[in-house]
Amino acid sequence: MFREESIGKQVLKQLDKILIMRPLLFYVLVILFGNPLMWSSCTGQTFPKPDSTKIYPSDILPGLNKWYITLPVDANGNTSAGATNVDNRNTNPLLIKGNALINYEYLPYFDVIDSAVVFRAPCDGATTTGSKYPRCELRELVGGGTNYWSVNDFQFLQAELKVTHLPEVKPDVCFTQIHAPGHNEPLRMHYNATKGLYFVANTTNHYYIKDEVPYSLGQTLLVKVAVQNGTITCFIKNLANGKQTVRTWKSDQPTGYFKIGCYTQSSIFLSQFKKEYSEDEPMDAYGEVRVLSLNIDETY
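The shown structure was predicted, so the numbers you read here are calculated from the model rather than taken from an experiment.

Details of the environment of Cys 262
Next up, step 1: Inspection of the secondary structure assignment puts Cys 262 in strand β18 (residues 255-264).
Next up, step 2: For Cys 262, a relative accessible area of 0% gives the class buried.
Next up, step 3: Considering only alpha carbons, one finds Cys 262 and Cys 136, 126 residues apart in sequence, at a separation of 5.3 Å.

Structure, rendered in structure tokens:
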């Protein structure tokens, strides 16, 4: 269960001291005489050398090689549009991992607008096999691979982000997670048009903070998550109005990893698996989150 942090300010000061700012990555472009330099993606496609004046997500979020992204399309660019029911949805989302994320974009789902990285997940998007909801979301590569860190060690995430668009029928997106093995989630952070900002702790416990931290679409949030000694401390502040809150709870899982981006909580098949809804999302509905900065400190 959540408890108020009476020493919230002290906790944040400690986190700020521990946070190690990551230096900007330095890229060296080598030009070979007589041949244009080609860049390869993990799908086998080749791309011309990036324009030096173009800004990619990896320019805004240094350290993207420590993550992989799940996109709401498959390797051929297909969504779930055309599927007749949820069981026939596209469950082969495109994954771009590690160094392949450097100078990579996939418009309109993963690109840069107004100095922020756009994560867009349409309601007709491809999904993972374990979820009926689409996502455009980063997953931390713990120790350089698909591993888990221990909640007993120090783990830290800090991000500035904003929710910029919601679906129509079920207007809800998840923008930050700690994911554990199976379908366990020690932390999810959401914004819902009606319910406001809220936490989901240990998969099933919902705690709403609408009155403490009022929020409107497009406002920038500062998010800090610290994990240590089996405990999760979560801080969130609306930089537009200065309202903030801190919560701490005991994780019910021994391991996990961070996720951040847009995990849209609705679907064009919504009425088929959420019986409280009598209609589905329109084909053009989507969720969108924009991330302005991202830093992690990982112990593995």
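Still more to cover.
Quick look at the state of the cysteines
Next up, step 1: Using the criterion set out here, one finds zero disulfides in the structure.
Next up, step 2: For the unlinked cysteine Cys 174, the closest cysteine sulfur is that of Cys 262, found at 8.9 Å.
Next up, step 3: You can call Cys 174 buried: its relative accessible area is 0%.
Next up, step 4: Of all cysteine sulfurs in the structure, the one in Cys 136 sits closest to Cys 262, which takes part in no disulfide; the separation is 7.4 Å.

Let's talk about the environment of Ile 232
Next up, step 1: Along the polypeptide, Ile 232 turns up in strand β16 (residues 231-238).
Next up, step 2: Since its relative accessible area comes to 0%, Ile 232 is described here as buried.
Next up, step 3: Ile 232 sits 46 residues away from Pro 186 along the chain, and the two C-alpha atoms are 8.2 Å apart.
Next up, step 4: If sequence neighbours within four positions are ignored, Ile 232 has contacts with Ile 178, Pro 186, Val 225, Ala 226, Val 227, Arg 247, Thr 248, Trp 249 and Ser 251.

Details of the confidence of the model for the protein
Next up, step 1: Put simply, the protein has an average pLDDT of 88, and 83% of its residues get 70 or more.
Next up, step 2: Every residue in residues 18-49 scores below 50 in pLDDT, and together they form 44 contacts with partners more than four places removed in sequence or on other chains.

Here's the deal with unusual backbone geometry
Next up, step 1: Going from Leu 107 to Pro 108, the amide bond is cis rather than trans, its omega being 0°.
Next up, step 2: Within the element layout of this structure, Pro 108 appears in the loop between β5 (95-97) and β6 (110-113).

Focus on the pairing of β16
Next up, step 1: By the criterion of burial, β16 is predominantly enclosed, with six of the eight residues buried.
Next up, step 2: In this sheet, β16 lies alongside strand β15 (residues 221-228) in antiparallel orientation, the contact comprising eight bridges. Across the sheet, the residue bridging to Val 223 is Ile 236, located in β16.
Next up, step 3: What sits between the antiparallel neighbours β15 and β16 is a turn of two residues, in which Asn 229 has the positive phi angle 55°.

Considerations on the side chain of Arg 188
Next up, step 1: The residue Arg 188 is located in strand β12 (residues 187-192) in this model.
Next up, step 2: A distance of 2.5 Å separates the side chain of Arg 188 from the side chain of Glu 185, its partner in a polar contact.
Next up, step 3: In terms of polar contacts, Arg 188 uses its side chain to reach the side chain of His 190, at 2.9 Å.
Next up, step 4: Ignoring any residue separated from it by four or fewer positions in sequence, one finds Arg 188 in contact with Cys 174, Thr 176, Gln 177, Tyr 198, Phe 199, Val 200 and Thr 203.

Focus on the packing of aromatic side chains
Next up, step 1: Enumeration over the complete set of coordinates arrives at 11 aromatic pairs.
Next up, step 2: Seen in terms of ring centroids, Tyr 106 and Tyr 109 are 6.1 Å apart; in terms of plane orientation they differ by 35°. Their pairing is tilted.
Next up, step 3: On the basis of relative accessible area, Tyr 106 is assigned to the partly exposed category, the value being 23%.
Next up, step 4: A cation over a ring is seen here: Lys 97 above Tyr 68, with NZ or CZ 5.3 Å from the ring centre.

Criteria and thresholds
Residues numbered from 1 in each chain as written. Predicted model: local features only at pLDDT ≥ 70, side-chain atom pairs only at ≥ 80, totals over all residues. Heavy atoms only, no water. Helix = DSSP H or I, 4+ residues; strand = E, 2+ residues; numbered from the N terminus. Buried < 20%, exposed > 50% of the residue type's maximum accessible area, 1.4 Å probe, protein only. Disulfide = S-S within 2.5 Å. Contact = heavy atoms within 4.5 Å. pLDDT = per-residue confidence, 0-100. Pairing = 2+ DSSP bridges. Polar contact = N/O pair within 3.5 Å; in protein donor to acceptor, adjacent residues only side chain to side chain. Phe/Tyr/Trp six-rings, centres within 6.5 Å; stacked < 30°, edge-to-face > 60°. Lys NZ or Arg CZ within 6 Å of the ring centre and 35° of its normal.

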